[in-house]
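One-letter residues, chain by chain:
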Amino acid sequence: MIRFGSPPSTEAVKPSNLNRTRLESLCHRIFQAVRQHLTIEDRFGNSVKPREWFHMPLHIIDEAVKRIQDGTITNVIYAPRELP
């Protein structure tokens with residue numbers, strides 16, 4: 001199961017017939033531009049830099065899931081426009 005978003009807007013998508021490692025690599029490649037660059041402490045006080053935290057609108061995630069399911073995700077990279 002892959003979880004997207006912050007806790008209030010979390011959506012769960014259960015991948016089927018997909019290689020979990022390839023799916024994770026694909027998500028990192030597609031959403032590189034919106035990855036959150038931060039450092040947090042784990043429960044033992046160690047610094048951790050999560051690579052799996054992204055910030056984007058839910059409709060973008062929905063579109064990516066559809067494209068992964070139908071195989072049209074090839075060479076897609078999410079590039080958000082900067083607001084003025």
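Residues numbered from 1 in each chain as written. Predicted model: local features only at pLDDT ≥ 70, side-chain atom pairs only at ≥ 80, totals over all residues. Heavy atoms only, no water.

**A short note on the environment of Ile73**
Let me state the cut-off plainly: By the criteria applied, helices consist of DSSP H or I runs no shorter than four residues and strands consist of E runs no shorter than two, each listed in order from the N terminus. Partly exposed describes any residue whose relative accessible area lies between the buried limit of under 20% and the exposed limit of over 50%, with all areas from a 1.4 Å probe on protein chains only and scaled to the type maximum.
Looking at the secondary structure, you find Ile73 in the segment after helix H2 (58-70). Relative accessible area serves as the criterion here: at 9%, Ile73 is assigned to the buried category.

**Brief notes about the confidence of the model for the protein chain**
Detailed reading of the predicted coordinates is not advisable wherever pLDDT falls low. In plain terms, the rule: Confidence scores here are pLDDT values: one per residue, from the predictor, ranging 0 to 100.
Chain-level statistics for the protein chain give a pLDDT mean of 82 and a share of 80% at 70 or above. Put simply, strand S1 (residues 2-4) is where the protein chain has its lowest mean pLDDT, 57, and strand S4 (residues 47-48) is where it has its highest, 95.

**With respect to H2**
What counts is decided by this rule: The length a helix should cover is 1.5 Å for every residue beyond the first. An arc is given here, and it is the one of the directions from the helix axis to the C-beta atoms.
Taking 1.5 Å of rise per residue, 13 residues should cover 18 Å, and H2 covers 19 Å from first to last C-alpha, within 8% of that figure. For H2, the complete set of buried residues consists of Ile60, Ile61, Ala64, Val65 and Ile68. Projected onto a plane normal to the axis of H2, the buried residues spread over an arc of 140° and lie on a single side. For H2, the exposed residues set more than 90 degrees away from the buried face come down to His59, Lys66, Gln69 and Asp70. Phi turns positive one or two residues past the end of H2, at Gly71, with a value near 85°.

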